Structures are given as C-alpha cells and as structure tokens.
Amino acid sequence: MNSVLPDLVVSLVFIGYAMVMLLSFGGLLTWVERKQSAVMADRVGANRAYIRIPFTNIKLVWLGLFHGMADGLKMLLKENFKPKTHDAVGYFLAPFVVFTPVLLVFAVVPFGGTVIPGQLIPALAGWFGDRAYPMQIANLDAGLLVVFAFSSLGIIGAMLAGWASDNKFSLLGGLRAGSQMISYELVMGLTVLGLILVYGTVNLGDIVRQQSGTIGGVLPAWGIFYQPVAAFLFLTAAIAENKRIPFDLPEAESELIAGYFTEYSAMKLGLFMFSEFIQIAVVGALFATLFLGGYNLPFMTDAGFSLPGGTEIALSQAVRVPLQLVTFLGKVALMCVIQIQIRWTLPRFRYDQMLGLSWKMLLPLSLANLAVTVVWMWLAGGGQ
Amino acid sequence: VNPMVKDRVAPSSAGVTGVSFGDNERLAAQKGGAAGQGAVPAAAPAKARPPVRYARKQYWNEPEMTLWEKAYLPEVLKGLAITTGIFLRNMGKWLTGRKGAVTTYYPEERRADFAPRNRGKHILTQRPDGSPQCIACNMCATVCPAKVIEIESGFDPNDPAHPKYPVRFEIDYSRCVFCGMCVEACPEDAIRMQDDVPNLVSDDRYNMWMTMDEMLTWNPQQDVAKPYPPKPVPLVLGESVKRGRGQ
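For the structure given in this document, a descriptive report is provided here. All figures in this text were calculated on a predicted structure; none of them were measured in a lab.

Parameters at a glance
Sequence order as written defines residue numbering, which begins from 1 separately in each chain. By the order in which they are written, chains take letters starting at A while ligands take numbers starting at 1. In view of the model being predicted, local features appear only for residues whose pLDDT reaches at least 70, and side-chain atom pairs are presented and counted only at 80 or more, with totals across whole chains, interfaces and linings using the full set of residues. With hydrogens and water excluded, all non-hydrogen atoms of the structure serve as input to the side-chain values. Numbering goes from the N terminus for both helices and strands, where a helix is a DSSP run of H or I of at least four residues and a strand is a run of E of at least two. This radius of gyration counts C-alpha atoms alone. The globule rule is 2.2 Å times how many residues there are, raised to the power 0.38. For the exposure calls, accessible area comes from a 1.4 Å probe over protein chains only, and a residue counts as buried if that area is under 20% of its type's maximum, exposed if over 50%, partly exposed in between. Here a residue-residue contact requires only that any non-hydrogen atoms of the pair lie within 4.5 Å. Accessibility throughout is a Shrake-Rupley quantity obtained with a 1.4 Å probe, and a residue counts as covered only by protein chains that appear here. Joining through side-chain atoms within 4.5 Å is the link that ties buried Ala, Val, Leu, Ile, Met, Phe, Trp, Tyr and Cys residues into a set, and such a set is a nonpolar core. For two strands to pair, DSSP has to find at least two bridges joining them. Here the quantity called buried area is the accessible surface, traced with a 1.4 Å probe, that two parts lose on coming together, added over both. Within this document, salt bridges are pairs made up of a side-chain nitrogen of Lys or Arg and a carboxyl oxygen of Asp or Glu, the two lying within 4 Å of each other. Pairs of N or O atoms within 3.5 Å make up the polar contacts considered here, provided that, within protein, one atom can donate a hydrogen while the other can accept it, and that residues adjacent in sequence are counted only when both atoms are side-chain atoms.

Right, let's talk about the overall build of chain A for a bit. Secondary structure summary: chain A contains 15 helices and 8 strands in total. Against the 2.2 N^0.38 benchmark of 21 Å for 384 residues, chain A shows a C-alpha radius of gyration of 23 Å, consistent with a compact globule. For chain A, the proportion of its 384 residues judged to be buried stands at 51%. Sequence separation of 24 or more characterises 76% of the internal contacts of chain A that already satisfy a separation of 6 or more. Of the roughly 17200 Å² of accessible surface on chain A, 72% is carried by carbon and sulfur atoms.

Shown next as structure tokens:
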C-alpha cells in the first residue's frame, strides 16, 4: 500500500480534532465565563438569547448557551470600521498574528496516548497495518521549545495592533502588552526549565509518559508534585501572558478604553477576543500536560492501570483511547474553570506592581526553584 | 540662623501682625537685628530648592499591611476560597432545583418585596359608565417636570357635570421620570400610578408613547375618592372668610 496516505489521513483527523476542540472551547468558555461569574456573584447570568423553532412558538434558551452564537453573529455582521490614519498592512495583519500562534501552540500538545488504527478498527487493518500514532499533531522532539517559540509570537501581534491603529490608547496598550509579555515569558521559561531537568526531555509526549509512574509507590508522579512552586509560577505567568484580569493592563478599560484593540471592530475585534479565550484552553492544556499527567488518569499508562496495591488492570485500546481523550478534556476544562475563577476574584494590579511582581518576586522565585532543582537532581544523581 | 528660614517666616508673621507683604524687608530687619547679616531681602530668588522627590503620596489612612498580607499569595488564596465557596453554594442550590441567585428574572419573576407604593405606569381612573374621570384641566401637564403629558380636550354638551373631557391623553414614557407629581396635582383623582411598568422596553422611541386606551385598563368601581354621581356639597365658609366679611 501507499505509505504516506495513511499518515496523512491520521494527521488530518488529528488536526481536525484539535481545531474543533480548541474552537469549541473558545466558544464555550464565553458561556462558562458568563455563567460562572454570575453564579459567583449571586446572579443568574446571560439567559435571554434563544432560538425559536420555525413556525412554532417554542423558544430554546438552553441556559443561555446561544449567547455565544449571538455574539459571533453580531461580530460578523458589524461594520468593519477602520480609523482614517491606520497603517493598512499592520492593521490588517495584527489580529491574525495574535490568533494563529495560539492555535499553533497546540500542535505539539499530546491529547491522547498511542493509537493503533489497524487494531482499533479491524476493517482498516489492511490499510494501516500495525502502524502506531501518538495522538498529537506534531510529535516533535523540541516540543516545549516550539511552545515557547510560538507563544512569544503573540507579542508581535499585540504591539503591531497597537502601533498600526494610530491611536494613543492603542499605542500605550501595545507598549504595556510588550513589556508585560516579555517579563512574564522569562518567568515562564525559567519555571519550565526545572521541569525539563526533572524529566530530562522537552518532548511533551515523553513528559506525559514519564508522569504515569508513582512517587514512593503512592503519589502519582505528576509534575505538580515534583515541582509545586514551578506549577504555581507557571500558572501565574501564563495568566499574565494571556493578559486577563488581574494582569489585563494592556487593555485596562478604565484607563485605555480597550488598549491595543481599541480601534478594531467587527470580526477583527472578535479574533482578539476569541484568541484570548482559546488561549485559556491552551494554557489549561499545557498545564495539564506539564503538571497534571496529561491525558492519563493517575497510575494509568497506555497498557492500563497499575494501582499502588500491585493490582494491574489491562485496558483494551477501544476503552483506553476514549478514556484518555475524555481525561484530557476534563483536565483542560478544570484548568479553564480555575483560571476563570481567578479572573473573577482578583482586582487588577497597578502597572508598577505588575512589573514589580514579575521582576522582584516571580523571577527570583523561579531562579531559586531552578537552583534547588539543580542541587536536588545533582544529589539524586549521586553527586555527579 | 538660616536666611532661607527667616525668609519663609516673614510673610506669615506679617499676616498675623497685620503688616502688608511689602513690609517684609523692614520686618526682617527688625527681627533679624540679632542675626545681623542673616537678613536678606525677601525678593532675592531662592537659591537651593529642595529636590522634588517623586514619591507616592502617603495618605493618613494608608492601610498598614502585615507581612502575611504583603506576601499577597495567602490573601489571594483567601479571596479565592471566598468566591469558590459562594460559587459552590450557589451551584449546589441550582443543581438541587433551588434558586441560587438573589436577582430576579424580570418580568417573568417579580420580587416579593416590590413596594406597593412604587411609582410606575399611569392609570386613568374611570367613572362607573366607563368614561375617564379626567376633566382635561391640564394641571398634570402643567406640573409635569419632564413635560411628557399631552392632553387634547373636547366638549361634551350631553354631560353638564363634566362638559370638558380628554380626546387624547398621552404620556411619553421615554422621558417620564416617574416623580408622581401628576398624581398629586390631579383635582379629580383621575390619574394614579401602578407599582411597576410592564413592557416598558421598546425598539422605537415612538412606541414609548402610551395612549389613553392603554391607561384606561383599570376600572375601580368602589375605589374612587369621589362618589359618583357627585353629591351636592353645602357651602361652608371658613373662619377667616367670615372675619374678613365682618370688618
């Protein structure tokens, strides 16, 4: 048989799954954010948008789920207003430069274990043979480096939008976004460095597989138990990267109207908003992969469960693959909820406090964490 | 003695003793006799201004934070615990079929503590025959601070008790401030206010005009302040009137 075609089909299926997952997370999170903040504040939340079944008077409200659709429709149908003096190329490109890297980061995140299509669906056995595919769009050895390479592209988009809008508020917002994201990216990189030392690899698939063991036979060998400080610092820095409250200084509406996307309207504004929501999901996915054992439940490997008591439960592929997919989605959803909870709890920092937190608190902490990890690894390795 | 200090003292002491500022030099010479050379003319430019320090202003009620609070993280966790607790409590209520919010789903739902004397939509009271009690005297339109009431009066020769009646009585709810002064001004108890404004919202400002037939929905047969038909009331003269007539 042709040797490239099955690979291509599997890749396309994975890409389709990842795209659908991210976009539906982006859409659903608008609803989750509205409802969660409402429940936190003793309110009901958005519940007016409805779809009427044609020719009847039945209105489907579904707890306000259609508000996201109404938002999208509004964004698409609105006038695409441009300021007279904008820089045409930069103004056009900026939303895409912000949006694309967020999606690209997910390319190296594994969302499931190894799948062998020939065994999963016997009808395809002749075509696929016994090829095995890790459920991941790109199984790159440089996984984590790719994540940082792409996620730092977002700065360019934010600054480009701020510059090309030719508006003082936008420019200030772009400057703030630039300095903020650079500061926190440093922290993020340094915290993950400790994790790389522990796992000895930057391949995200390997990192997840190493987390299926146990620490001392009881605790799952998750990154959050190896590196609790790093987990905290990573989450903080990731929220700051995402430019949401309490770190939403680039778009502080009481000071800068909407910051770097003040002059954007219609779906271009929608892209900025949407990328923010997708980034919540991507941060959740990264956190789950690095610190929460990725797609595996505790004590679970691709072969099945090996519980602390010594019990082994073998899982067939038909059970394991859906279980891993659902586990991953559940972990990402949990992280999204935690991020939204933080967003609706904390007030915004002052700008000097925000940069001070990064350079005076988080950076020394991450360096200390790294130093402790190095010494620990050196001692664990027998002082060599 | 620092000459700068003296220089600064001079105007204030001048103010106290009632000497004008022009006398600074004389005053400084008098006071600075002992200091001798120390007295300098007030007009001399200040040589060394203290350097401006761009420090954040300290307020008298600046919160004193303990080390625990300055660490920030414990307080963050405390705040998260509070919001998460409220979230879980409300979510538990919703999931068990109870209401987990203090807001109401107006107008489908109405608060139980909605005040009965709340001022809302206007009502034109009616006589037992269904005609509006209004006599188109225009007092409500005159007193209205928002100028939202428009009345067009008509003449009815068949009703000698109330020959004037409203042909058109309209209120612009987009401008009405619900102050209730029209109700107070009405001599006939012809206009009242309901406790809320149902279906006030509109896409179009011209739909915000409420016409007379929309306000004539309520017919309080027994609840009018004036009995109908009106009884002849004997003329009673007040004390002041009588006194005025006697002298």
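There is more to say, and it comes next.
Counting residues in hydrophobic clusters, the biggest one holds 80 residues, and the most contacted among them are Phe106(A), Leu144(A), Leu290(A) and Phe328(A). Tallying contributions element by element places helix 13 (residues 266-291) of chain A first for this core, with 13 residues. Not counting residues up to four positions away in its chain, the partners in contact with Phe328(A) are Met21(A), Phe106(A), Val109(A), Pro110(A), Phe111(A), Ala285(A), Thr289(A), Gly294(A) and Tyr295(A). Membership of the second largest hydrophobic core comes to 24 residues, among which are Cys134(B), Ala136(B), Phe178(B) and Met215(B).

Below, the discussion takes up unusual backbone geometry. All names here are of chain A. The omega angle of the peptide bond from Ile 245 to Pro 246 is 5°, so this bond is cis rather than trans. Mapped onto the elements of the fold, Pro 246 is located in the loop between helix 11 (228-241) and helix 12 (253-256). Within the chain, Asp 42 stands out as a residue other than glycine whose phi angle is a positive 60°. Positionally, Asp 42 belongs in the loop between helix 1 (4-40) and strand 1 (51-52). Looking at Asp 42, the relative accessible area reads 21%, which means it is partly exposed. Not every positive phi belongs to a glycine, and Ala 266 is a case in point at roughly 55°. By the secondary structure assignment, Ala 266 is in helix 13.

A separate point is the sheet that holds strand 3 (residues 164-172) of chain B. Residues and elements named next belong to chain B. Judged by pairing direction, the sheet is antiparallel, and its 3 strands sit side by side in the order 2-3-5 without closing on themselves. Strands with a single pairing partner mark the edges of an open sheet, and in this sheet they are strand 2 (149-155) and strand 5 (209-210). By the bridge criterion, 7 bridges tie strand 2 to strand 3 in an arrangement that is antiparallel. Paired with Ile 151 across the two strands is Phe 169, which belongs to strand 3.

Another point: the interface of chain A and chain B. At the interface, 16 residues of chain A touch 23 residues of chain B. Across the chain A/chain B interface, buried area totals approximately 1700 Å², and carbon plus sulfur atoms make up 63% of it. Looking only at chain A, the three residues that lose the most surface to chain B are Val39(A), Asp42(A) and Arg48(A), adding up to 32% of its buried area. Joining chain A to chain B, the criterion identifies 1 salt bridge. Residue Arg89(B) pairs with Asp42(A) through a salt bridge whose shortest N-O separation is 3.2 Å. Remark: the boundary between chain A and chain B carries 7 residue pairs in polar contact (both at pLDDT 80 or more). Listed by contribution, the elements that provide at least two residues to the side of chain A that touches chain B are helix 1 and helix 14 (317-343) of chain A. In terms of residue count, helix 1 of chain A provides more of the side of chain A that touches chain B than any other element does, 3 residues in total.

Relative to strand 5 of chain B, strand 3 of chain B runs antiparallel, the two sharing 2 bridges. Directly across from Asp172(B), in strand 5 of chain B, lies its bridge partner Trp209(B).

Residue and element names in this part refer to chain A. One pass over the full model with this rule turns up 16 salt bridges over all chains. Salt-bridge contacts for Arg 34 lead to Asp 71; the nearest nitrogen and oxygen are separated by 2.7 Å. Highlighted residues: Arg 34 in helix 1 and Asp 71 in helix 2 (residues 66-77), separated in sequence by 37 residues. Salt-bridge contacts for Glu 255 lead to Arg 348; the nearest nitrogen and oxygen are separated by 3.8 Å. Here Glu 255 is found in helix 12, whereas its partner Arg 348 is found in the loop between helix 14 and helix 15 (351-380), with 93 residues between them in sequence. A residue is classified by how much of its surface remains accessible, and Arg 348, at 26% relative accessible area, is partly exposed.

Keep in mind these values describe shape, not function.
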